[in-house]
Amino acid sequence: MIKKKVVISRFSESPDWVKKIDCDYIIFNKGDEIEDPEISPEKIINVPNQGREAETFLRYICENYSDLSDFTIFVQGNPFDHWPRTLEYINSDSFLDPTDIVSLGYETTTDRTGGISYPGLPIGDFQKILVPSGEPEEIHFTSGAQFIVPKKLILNKSLSYWKSLRNSLEHYWYSNIPSGYGMPTGRFIAHVFERLWPMIYRYSDTPVYKKYDYVIAGSGLFGAVFAREMTDRGKTCLIIEKRNHIGGNCYTENRDGINVHVYGPHIFHTNDKDIWDWISRFCDFLPYKHSPKVRYGDRTFSFPINLMTLHQLWGVNTPEEAKERIEREKVIFDNPKNLEEWALSQIGTDLYEIFIKGYTEKQWGRDPKDLPASIIKRLPIRTNFDDNYFFDKYQGIPEGGYTGIFDKILDGIEVITGVDYLEDRQKWDSLGSKIVYTGKIDEFFNYKFGELEYRTLEFKHQRIDKVDFQGCPIVNYTSSTIEWTRITEHKHFENSKSEKTWITMEFPKEYKNGDLPLYPIGDDQNMDRFGKYKKMTADMGKFIFGGRLAEYRYYDMHQIIASALTKAGKELAL
Ligand SMILES: Cc1cc2nc3c(=O)[nH]c(=O)nc-3n(C[C@H](O)[C@H](O)[C@H](O)COP(=O)(O)OP(=O)(O)OC[C@H]3O[C@@H](n4cnc5c(N)ncnc54)[C@H](O)[C@@H]3O)c2cc1C
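The structure reproduced in this document is the subject of the present report. Since the model is a prediction, treat every value here as computed from it, not as a measurement.

The rules behind the values
- Residues numbered from 1 in each chain as written.
- Predicted model: local features only at pLDDT ≥ 70, side-chain atom pairs only at ≥ 80, totals over all residues.
- Heavy atoms only, no water.
- Pairing = 2+ DSSP bridges.
- Helix = DSSP H or I, 4+ residues; strand = E, 2+ residues; numbered from the N terminus.
- Buried < 20%, exposed > 50% of the residue type's maximum accessible area, 1.4 Å probe, protein only.
- Contact = heavy atoms within 4.5 Å.
- Phe/Tyr/Trp six-rings, centres within 6.5 Å; stacked < 30°, edge-to-face > 60°.
- Lys NZ or Arg CZ within 6 Å of the ring centre and 35° of its normal.
- Axes fitted to C-alpha atoms, helices over the stretch in contact; angles between N-to-C directions.
- Expected span 1.5 Å × (residues − 1).
- Near = heavy atom within 4 Å.
- Polar contact = N/O pair within 3.5 Å; in protein donor to acceptor, adjacent residues only side chain to side chain.
- Areas by Shrake-Rupley, 256 points an atom, 1.4 Å probe, with all protein chains shown as cover.
- Nonpolar A, V, L, I, M, F, W, Y, C, P; charged D, E, K, R; others polar.
- Core = buried A, V, L, I, M, F, W, Y, C linked by side-chain atoms within 4.5 Å.
- Patch = residues over 30% accessible without salt bridge, like charges linked within 9 Å, V, L, I, M, F, W, Y side chains within 5 Å.
- Salt bridge = Lys/Arg side-chain N within 4 Å of Asp/Glu carboxyl O.
- Lys, Arg positive; Asp, Glu negative; His and termini not counted.
- Charge placed at Lys NZ, Arg CZ, Asp CG, Glu CD.

1. Regarding the sheet that holds strand S15 (residues 293-296)
Now for step 1: The strand order across the open sheet formed by seven strands is S16-S15-S21-S22-S23-S20-S24, and the pairing between neighbours is mixed. Each having just a single partner strand, strand S16 (299-302) and strand S24 (519-520) make up the two edges of the open sheet.
Now for step 2: The pairing of strand S22 (residues 486-489) with strand S23 (residues 501-510) spans four bridges and is classified as antiparallel. For Thr488, the partnering residue across the bridge sits in S23 and is Thr504.

2. Let's talk about the environment of Cys62
Now for step 1: Mapped onto the fold, Cys62 is located in helix H1 (residues 52-64).
Now for step 2: Classification of Cys62 by relative accessible area gives buried; the value is 11%.
Now for step 3: C-alpha of Cys62 to C-alpha of Asp523: the two residues are 461 residues apart in sequence and 39 Å apart in space.
Now for step 4: When residues no more than four places from it in sequence are discounted, the contact partners of Cys62 are Leu159, Trp162, Lys163 and Arg166.

3. Digging into the pairing of strand S4 (residues 71-76)
Now for step 1: Within S4, six of the six residues are buried, which leaves the element mostly enclosed by the surrounding structure.
Now for step 2: Burial of S4 is two-sided: the residues Phe71, Ile73 and Val75 facing one way and the residues Thr72, Phe74 and Gln76 facing the other way are all buried.
Now for step 3: The sheet contact formed by strand S1 (residues 4-10) and S4 spans six bridges and is parallel. Residue Ile8 lies in a different strand from S4, and its bridge partner there is Val75.

4. Considering the environment of Glu340
Now for step 1: Positionally, Glu340 belongs in helix H11 (residues 339-364).
Now for step 2: The exposure class of Glu340 is buried, given its relative accessible area of 13%.
Now for step 3: It is 60 Å that separates the C-alpha atoms of Glu340 and Lys5, two residues lying 335 residues apart in sequence.
Now for step 4: Those residues in contact with Glu340, other than ones at most four positions away along the chain, are Tyr352, Lys357, Asp367, Pro368 and Lys369.

5. With respect to the packing of aromatic side chains
Now for step 1: Tallying each qualifying case throughout the model produces 42 aromatic pairs.
Now for step 2: Centroid distance Phe28 to Tyr60: 6.3 Å. Interplanar angle 80 degrees. Geometry classified as edge-to-face. With Phe28 in strand S2 (residues 24-29) and Tyr60 in helix H1, this residue pair connects regions lying 32 residues apart in the sequence.
Now for step 3: A relative accessible area of 2% places Phe28 in the buried class.
Now for step 4: When the centroid spacing of 4.9 Å and the interplanar angle of 50 degrees are considered together, the rings of Trp278 and Phe282 count as tilted. For the pair Trp278 and Phe282, one class covers both residues: buried.
Now for step 5: Taken together, the ring pairs connect Phe28, Phe57, Tyr60, Phe74, Phe147, Tyr161, Trp162, Trp197 and Tyr201 into an aromatic cluster.
Now for step 6: Of note, Arg425 hangs over the ring of Phe444, and the distance from its end group to the ring centre comes to 4.5 Å.
Now for step 7: One cation-aromatic arrangement involves Lys427 over Trp428; the distance from NZ or CZ to the ring centre is 4.3 Å.

6. Remarks on the sheet that holds strand S18 (residues 414-417)
Now for step 1: Within the open sheet, the five strands sit side by side as S18-S10-S9-S19-S25. Their pairing is parallel. Strands with a single pairing partner mark the edges of an open sheet, and in this sheet they are S18 and strand S25 (543-545). Across the sheet, the axes of successive neighbouring strands diverge by a mean angle of 20 degrees, strand direction being ignored.

7. Structural notes on helix H7 (residues 221-232)
Now for step 1: With twelve residues, H7 extends 16 Å between its outermost C-alpha atoms, agreeing within 8% with the 16 Å of an ideal straight helix rising 1.5 Å per residue.
Now for step 2: By the criterion of burial, H7 is predominantly enclosed, with ten of the twelve residues buried.
Now for step 3: All of the buried residues along H7 are Leu221, Phe222, Gly223, Ala224, Val225, Phe226, Ala227, Arg228, Glu229 and Met230.
Now for step 4: Within two residues after H7, Gly234 carries a phi angle of roughly 85 degrees, on the positive side.

8. Topic: the site of the ligand
Now for step 1: Lining the immediate surroundings of the ligand are 31 residues, of which Glu241, His266, Asp420, Tyr555 and Met557 lie closest.
Now for step 2: Taking Ile267, its main chain carries an N or O atom lying 2.8 Å from an oxygen atom of the ligand.
Now for step 3: Considering the ligand on its own, with 1,000 Å² of exposed area, one finds that the protein chains cover 97% of that surface.
Now for step 4: Going through the elements one at a time, H7, strand S10 (237-241) and helix H17 (557-573) are the ones with two or more residues in the shell around the ligand.
Now for step 5: Tallied by class, the residues present in the shell around the ligand amount to 17 nonpolar, eight polar and six charged.

9. Considerations on the environment of Ser479
Now for step 1: Among the secondary structure elements, Ser479 is positioned in the loop between strand S21 (474-477) and S22.
Now for step 2: Considered as a pair, Ser479 and Tyr359 are 120 residues apart in the sequence and their alpha carbons are 6.5 Å apart.
Now for step 3: Residue contacts for Ser479: discarding those within four places in its chain leaves Arg295, Tyr296 and Lys362.
Now for step 4: Within the local environment of Ser479, its side chain forms a polar contact with the side chain of Thr481, the two groups lying 2.7 Å apart.

10. Looking at unusual backbone geometry
Now for step 1: Between Phe303 and Pro304 the backbone carries a cis peptide bond, its omega angle lying at -5 degrees.
Now for step 2: By secondary structure assignment, the location of Pro304 is in the loop between S16 and helix H9 (307-314).
Now for step 3: The backbone phi angle of Asn446 is positive, close to 55 degrees, even though this residue is not glycine.
Now for step 4: Relative to the helices and strands, Asn446 resides in the loop between helix H14 (441-444) and strand S20 (454-464).
Now for step 5: For Asn446, a relative accessible area of 62% corresponds to the exposed category.
Now for step 6: For Asn495, which is not a glycine, the phi torsion comes out positive at approximately 55 degrees.
Now for step 7: Along the chain, Asn495 falls in the loop between helix H15 (491-494) and S23.

11. Brief notes about the nonpolar core
Now for step 1: By size, the foremost hydrophobic cluster in this structure holds 36 residues, and its most contacted members are Tyr214, Ile216, Phe226, Phe268, Ile279 and Ile561.
Now for step 2: Put simply, the parts of the chain that give this core at least two residues each are strand S9 (212-217), H7, S10, helix H8 (273-280), helix H12 (402-409) and H17.
Now for step 3: At seven residues, the largest contribution of residues to this core is made by H7.
Now for step 4: Among residues more than four places away in sequence, those in contact with Phe268 are Ile275, Trp276, Ile279, Phe285, Tyr394, Gln395, Gly396, Tyr402, Met557, His558 and Ile561.
Now for step 5: Counting 34 residues, the second largest nonpolar core, distinct from the first, contains Tyr65, Leu68, Ile101 and Ile200.

12. Side note on a negative patch on the surface
Now for step 1: Negative charge collects at one region of the surface, where Glu451, Glu453, Asp523, Asp524 and Asp528 lie side by side.
Now for step 2: Along the polypeptide, Glu453 turns up in the loop between H14 and S20.

13. Quick word on the side chain of Lys5
Now for step 1: The topology assignment puts Lys5 in strand S1.
Now for step 2: When residues no more than four places from it in sequence are discounted, the contact partners of Lys5 are Asp24, Tyr25, Ile26, Tyr60, Ser69, Phe71, Thr72 and Ile73.

This is the structure:
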């Protein structure tokens, strides 16, 4: 039996007619709620009102690409104004064409400049990008953009093609470019799509993208810095990003006037003036000193451990008293064998229990007795009042958030978001003289030698109806009885004025494929596996592997910038 699915883009039209549909259907509802007991809630997906029908249709294709029915029937909320016979066409198989789209509307024509209905509509410009092989002066389309399309015609184009159409529609929908056509830019782009659907389906080739010197997979800090350097030296770059936003893990989002660090708090710090100067070209840094607090039970301590912490814990007041007390606290081990023994031998039981034990257990999901001491060997314990976490000369938080930095770094550089390089690598490889890959190295090689392990975090973002939740940006929760390891209150980074506040709780988790790969597990087994992947890259001159995922290494931002500048410099010297 032929499988059909009706995809309805509704705003406020009566949905009564859908009860007469005799095949599967789904309503994308962009307007008033549908409360009709005869229409199952499973048949309704509420979505924001954006992008007109084009957005609905592209959304459906992108989200169901691997599970399409034999025929998809795309219609409006009230399909009858454009085609009174719509129900007849839906319910019968005799109108289906396995090789072409069938219009549910009256075909009409326009020219490449919008014709008389929309003079100046830049159809020709978009047509060249979307369907470069189809360039007739006269464009036939179905008013109302309603049609039946066979699965084959959708699959003739790759998923990344459909995703890039969806992204460009979204981009224009939200853009503030004045249209001059009597409607906002976004709306007229939706009209352009309406006119191009037949061509999008009928001309089988994907767009002829221009060629680039560098196609870069990943718009995180590595990809962005590399692209900027190359672009400034006259090279052409295209960035493809699989998330729906730029900036990788540095990405921030403005919520209630507060820049929320979506993937955990990011503090910029470096000792290297060149790196500081480089990044400062793209933002103003607000002065910031990182000195988180520690909550253990109902007590709050200064952190990193310093004389104030020791005063709060033991009542000591001077460096001498502190040193003496720590000496007395130390537990003697002839040869500390693991993290616990090493920590006890350095700081004794009180400090170990409060600051190390529970936190480490949660962070690494393992008993400190089973961990090597090297994980925390750098934890500073100070017998003065210095509570500055970093020793670096330069430290700050970018005013306006990190996403603003990325907008500026990527100014004038082409970026496609929502597209995974690995889903269509042959196409992207053919577009770039060289490929810069910043994703997971094991995934690049299809996990040939097995998966590299990571530790991950679940971020729970919460809006709180208070002006101030915890009085500082970061509080670490070190007790093993509390599940989260820290809470970030974002407004304190930039001293944002808002009646509300946003906090993020971090819950460490075991990583499984599909989670955010955050902290590489640098044990022997993983490093050995990584070594094998790295060896595979040795003879791959067309590819440059960079960034924390491709190098399977924890990098701070300043280190990523340094690494990207070095790799860009090497390229330019070739
Ligand atoms: C919780 C946390 C807190 C941190 N705090 C700090 C801090 O305070 N200070 C500091 O200096 N550093 C901090 N860092 C480190 C900082 O996040 C990294 O240095 C930086 O983000 C690394 O940039 P990157 O480009 O290598 O990787 P990413 O930021 O991960 O960027 C890689 C990009 O590539 C994309 N991608 C992957 N695969 C593909 C594909 N197949 N196709 C297309 N795109 C793809 C990803 O979606 C991602 O956007 C922190 C990191 C974490 C996890």
